Amino acid sequence: VLGPDTGLSSFVFVDWDSDGDLDLLTAESSRDPGPVRHFEYDYCRLAESCSSQGFCSHSVGTCLYFPGHTLADCSACSPGYFDLERVNVSIPSELRIRKCSACPGLGEASVPCSGRGICNDDLHVRAQRWQSKSQPIDPSMPVPTNISHFHGDGTCVCEPPFSGENCEMGLCLPGHKYVQSSLWRCEPCMPGSFLSSYGLQTYCNLCTGNAYAPSSGSKQCVPCESKWWRTEVNGERTSCEASFLNLPACAALLLLSFLLFAVVPFLANRPMRVADVQLKEGALTLTTSGRHWLLKPVKVTFLDTSHPLLDSKTYIVKAQNDRQLRVCDTSGSALTEQADASRGTCHVQQLHHILRRGILGMPFVVCFALLILATAAYFLLLGALLSFQISLLEVLMLLIGALLAVAVHWWFRPGKRPLERDLCRFAAQSKFETRQCPKGPGRAICLQQLEDLYSFFSHHIGFRNMYYLCSNLVKPLTMQVALSYAELVGPSSVQWFVSHFWGMPFEHFIRCLKGHVPVQMTSYWICTFSNNQWKVSEELGHGNVEDSSFYLALRGGCQGTLFVLDEEVLPLTRSWCLFELFQTELLSREVEQNCETRQTRETHQSAFQLLLGTSSGVMNYGESSMDLALKISKKLATLRLQDAQASCPEDKVMINEAVSKHPGGFQAVNAFLFEAVKLALQQTELRFRTDVAQLQEDLASACPPATEPVLLGRLNSGHQTDQTEGKD
């Protein structure tokens, strides 16, 4: 039925296909150049259900479409599929059967484009065109006719960094993990985690140790390091902060540094400074300026003590306390010989220094090794917990510890020896009248100057001898001027020549001089003080006795020779004392030969004498005790002057030759000495008798007259008994 509602304005019946039936041709207008429709007379064909892309469910009356198709009649392509022939969706399905093609990868997997991108299927293209709509296209709803002619081309739009036809190529960049939401894609790692290489790892690695990742997408973790102090990572591992370990770690490092640098100086085998060496309780004892740090007995050698016994051998020292050592021989027996010194150094054998010097029972080497291990353990522990990098704060602690160790060593350093301090004080307060003069009689020293020296250093001198005095007092005081002590304090012309033994205690020597002449300005030529100890060879005349200072002083106008004696008569066992006695004998002989009358001889003898001085007075004046005079006489009776010894063998040979060449030789010198001793004994005896007589008179005047005869009788009886015992 054709009517106005058909929209056709013209039509015609005609056997168009020549099959004998009339066909209907229609057009909108006979003049319209539009399409002509052909209608053939025949039976109506039934349309296939579900567009042949599914099957009809008679129970529910809907189409169950095949994969790739959608809509109620299965006439459209579902997501992931596209119409390769680009057939408009609005054309009835009975007129055109659509074939939907799958996007790449959909056949092998459940998602197109390997799940790494979006396929340009029909639905995706039309959704992009549907921009004016507030909601996306629902695949189950009919497609609006205004976008139904848009089709996809089936290509994959891959998510970076993937590529390829199916997005099958590509790896996630370092710092990104492979994750799936709507698509598989690469996401940056969260702060605190990292990935260091390309790959498809689905998770990021957490930072371990003392390391952090400050931002997302980190390729690696950054160690917590600061040049100022130790830092540690926070709980989220996204940043670093100052570690609470800084305070205890720095305190521990400061202590280790101080102990380490405090031990280092003790590793060097530094010599011990000798403060004093003397006999104490019958054994030779060494006192050091500082602590000796000895754990066990060690072998030592002495240097620059100026004592021949100490400087010539190797000894063993045993600790008595932290500053005193007992000096023993190599067998371990304590030395009982006198060897006084207040200068020089004591050197410990190297092996004994390594093994037997230490603190708290451990050698310094062991202490140093333990401190090194403790310091290494400190840095290893902090490195494991925090970082192996040393901070500036730790460097500062090391420097402060070293400076503290240096300060402590400086504060507790052995100061000047007590004798050195007193030498400086003596030189500062004494008003020396230093004057250089030729060797010989012009270098005498006054008794007052000797007493000043002795009184100031008496606590150092004690019972020590001239060897100690020369090495520890005279030479240090004269070192700067390199003169004799007499020249340093102000020399005088000689009045008396003193012959003495250097091994005699200086206290005894001073008492002998005081017993000789009480006048303090009396001048004496004493070799220790009058000779220049810095030019000993020159003072001795370089082997020529007549050019020696001894010879020149004796013949320089002195009044005589004062022989300082002790009970052992030790001066006469020394070669130089023998030489002085020999020169005294020659001078006495020359005086006697040049005399013309007895009066002249007596005058010359009074001008030049041989006096025997003792600690109680001069024997020639009868001032010595009778017991001492007898002991000295007995020693002299068995003394042979030719057996005298000298420190230098060449001096002994020179002096013996000089004595032997003169008339009489040793026999004449012995006779001269014996004559002098004989006269001294006579004077002593005379003085003794005088004292006894005076005592008797004093007793007689103090006793009552009635008992006087009885007392005198008893005294006489006792005197006779003593004489009888003496004869026996």
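The rules behind these values
Residues numbered from 1 in each chain as written. Predicted model: local features only at pLDDT ≥ 70, side-chain atom pairs only at ≥ 80, totals over all residues. Heavy atoms only, no water. Helix = DSSP H or I, 4+ residues; strand = E, 2+ residues; numbered from the N terminus. Buried < 20%, exposed > 50% of the residue type's maximum accessible area, 1.4 Å probe, protein only. Contact = heavy atoms within 4.5 Å. Areas by Shrake-Rupley, 256 points an atom, 1.4 Å probe, with all protein chains shown as cover. Salt bridge = Lys/Arg side-chain N within 4 Å of Asp/Glu carboxyl O. pLDDT = per-residue confidence, 0-100. Axes fitted to C-alpha atoms, helices over the stretch in contact; angles between N-to-C directions. Parallel < 35°, antiparallel > 145°, perpendicular 65-115°, else oblique. Left-handed = near helix turned anticlockwise from the far one by under 90°. Nonpolar A, V, L, I, M, F, W, Y, C, P; charged D, E, K, R; others polar. Disulfide = S-S within 2.5 Å. Pairing = 2+ DSSP bridges. Phe/Tyr/Trp six-rings, centres within 6.5 Å; stacked < 30°, edge-to-face > 60°. Lys NZ or Arg CZ within 6 Å of the ring centre and 35° of its normal. Patch = residues over 30% accessible without salt bridge, like charges linked within 9 Å, V, L, I, M, F, W, Y side chains within 5 Å. Core = buried A, V, L, I, M, F, W, Y, C linked by side-chain atoms within 4.5 Å. Expected span 1.5 Å × (residues − 1). Arc of directions from axis to C-beta. Polar contact = N/O pair within 3.5 Å; in protein donor to acceptor, adjacent residues only side chain to side chain.

1. So, the overall build of the chain
The helix and strand tally for the chain stands at 21 helices and 33 strands. Within the chain, buried positions represent 42% of all 728 residues. The long-range share in the chain, meaning contacts at least 24 apart out of those at least 6 apart in sequence, stands at 64%. Carbon and sulfur atoms make up 57% of the accessible area of the chain, which totals about 40300 Å².

2. Section: the pattern of salt bridges
Counted by the stated rule, this structure contains twelve salt bridges. The salt bridge partner of Arg-273 is Glu-420, with a shortest N-O separation of 3.2 Å. Of the two residues, Arg-273 sits in strand S20 (residues 272-280) while Glu-420 sits in helix H7 (residues 418-429), which places them 147 residues apart along the sequence. Given a relative accessible area of 28%, Arg-273 falls into the partly exposed group. Taking relative accessible area as the criterion, Glu-420 reaches 24% and is therefore assigned partly exposed.

3. Some details on the confidence of the model for the chain
With 83% of its residues at a pLDDT of 70 or more, the chain has an overall mean of 81. Contacts of residues 1-7 to residues separated by more than four positions or lying in other chains number six contacts, the stretch itself having pLDDT below 50.

4. A look at the packing of helix H2 (residues 246-267) against helix H6 (residues 392-411)
Where H2 contacts H6, the axes come no closer than 7 Å and their chain directions differ by 40 degrees. By the angle between their directions, the pair H2 and H6 is classed as oblique. The two elements H2 and H6 cross, and the hand of that crossing is right-handed. Contacts from Cys-250, Leu-253, Leu-254, Ser-257, Phe-258, Phe-261, Ala-262, Pro-265 and Phe-266 in H2 reach Leu-393, Glu-394, Met-397, Leu-398, Ile-400, Gly-401, Ala-402, Leu-404, Ala-405, Val-408 and His-409 in H6. Across the contact of H2 with H6, the residue classes break down as 16 nonpolar, three polar and one charged.

5. Comments concerning the state of the cysteines
Enumeration according to the criterion identifies eight disulfides in this entry. Across a sulfur-sulfur distance of 1.9 Å, Cys-172 and Cys-186 are joined as a disulfide pair. Every disulfide takes its handedness from the sign of the S-S torsion; for Cys-172 and Cys-186 that torsion is -85 degrees, giving left-handed. Taken together, the residues span a long stretch of sequence, with Cys-172 in the loop between strand S11 (156-158) and strand S12 (176-180) and Cys-186 in strand S13 (residues 184-188) at a distance of 14 residues. Cys-186 matches Cys-172 in its accessibility class, with the two residues each being buried.

6. Examining unusual backbone geometry
With an omega of 5 degrees, the peptide bond running from Pro-160 to Pro-161 counts as cis. Position of Pro-161 among the secondary structure elements: in the loop between S11 and S12. Even without being a glycine, Cys-167 presents a positive backbone phi close to 60 degrees. By secondary structure assignment, the location of Cys-167 is in the loop between S11 and S12.

7. Considering the sheet that holds strand S28 (residues 445-446)
Pairing within the open sheet is mixed, and its six strands lie in the order S28-S30-S29-S31-S32-S33. Whereas interior strands pair on both sides, the edge strands pair on one side only; in this sheet they are S28 and strand S33 (617-618).

8. Considering the packing of aromatic side chains
The geometry of two aromatic rings is summed up by the distance between their centres and the angle between their planes. Here the structure, examined in full by the defined rule, presents 19 aromatic pairs. Summarising the aromatic geometry, the rings of Tyr-178 and Trp-184 are spaced 4.6 Å apart at their centres and angled 20 degrees between planes, so their arrangement reads as stacked. Exposure remark for Tyr-178: the relative accessible area of 10% places this residue in the buried category. Taking relative accessible area as the criterion, Trp-184 reaches 24% and is therefore assigned partly exposed. Centre to centre, the rings of Trp-293 and Phe-364 are 5.9 Å apart; their planes meet at 70 degrees, and the pair counts as edge-to-face. Highlighted residues: Trp-293 in the loop between strand S21 (283-288) and strand S22 (298-303) and Phe-364 in helix H5 (residues 364-385), separated in sequence by 71 residues. The class of Phe-364 is buried, set by a relative accessible area of 5%. Counting every residue linked through ring pairs, the aromatic cluster contains Tyr-454, Tyr-485, Phe-506, Phe-509 and Phe-529. Lying across the ring of Tyr-468, Arg-464 places its NZ or CZ 4.3 Å from the centre.

9. Details of a nonpolar patch on the surface
On the surface, a cluster of nonpolar side chains totalling about 580 Å² of accessible area is made up of Trp-228, Trp-229, Ile-390, Leu-392, Val-395 and Leu-399. Assignment of secondary structure puts Ile-390 in the loop between H5 and H6.

10. Topic: the nonpolar core
Counting residues in hydrophobic clusters, the biggest one holds 82 residues, and the most contacted among them are Phe-457, Tyr-485, Phe-506, Leu-513, Tyr-524, Ile-526 and Phe-529. Per-element tally for this core: the top contributor is helix H16 (residues 575-594), with eight residues. Excluding residues that lie within four positions of it along the chain, Ile-526 makes contacts with Ile-445, Leu-450, Val-498, His-500, Phe-509, Leu-513 and Asn-531. Counting residues in hydrophobic clusters, the runner-up holds 20 residues, among them Leu-284, Phe-302, Val-327 and Cys-346.

11. Quick notes on H5
The end-to-end C-alpha distance of H5, which contains 22 residues, comes to 31 Å, matching closely the 32 Å that a straight helix rising 1.5 Å per residue would cover. Looking at H5, one finds that the buried residues are Phe-364, Cys-367, Leu-371, Thr-375, Tyr-378, Phe-379, Leu-382 and Gly-383. Along the axis of H5, the buried positions cluster into a sector of 145 degrees, meaning they face one direction only. Exposed residues on H5 whose side chains face more than 90 degrees from its buried face are Leu-373, Leu-380, Leu-381 and Ala-384. On its buried face, H5 sits against H2, strand S26 (358-359), strand S27 (362-363) and H6.

12. With respect to the pairing of strand S24 (residues 324-328)
With four of five residues buried, S24 is to be regarded as a mostly interior element. Examined bridge by bridge, S21 and S24 share three bridges and lie antiparallel to one another. Across the sheet, residue Thr-287 finds its bridge partner in S24, namely Gln-324. When strand S23 (residues 314-319) meets S24, the two strands line up antiparallel, connected through four bridges. Across the sheet, the residue bridging to Val-317 is Val-327, located in S24. Here S23 folds back onto S24, and the loop between the two strands holds four residues.

13. Comments concerning the environment of Ser-163
Structurally, Ser-163 can be placed in the loop between S11 and S12. Apart from the residues lying within four places of it in its own chain, the contact partners of Ser-163 are Cys-158, Glu-168 and Met-169.

14. Observations regarding the side chain of Asn-472
Following the sequence through the fold, Asn-472 ends up in helix H10 (residues 466-478). Judged by relative accessible area, which is 2%, Asn-472 ranks as buried. For Asn-472, the side chain forms a polar contact with the main-chain nitrogen of Ser-342, separated by 2.8 Å. One polar contact links the side chain of Asn-472 to the main-chain amide nitrogen of Arg-343, over a distance of 3.4 Å.

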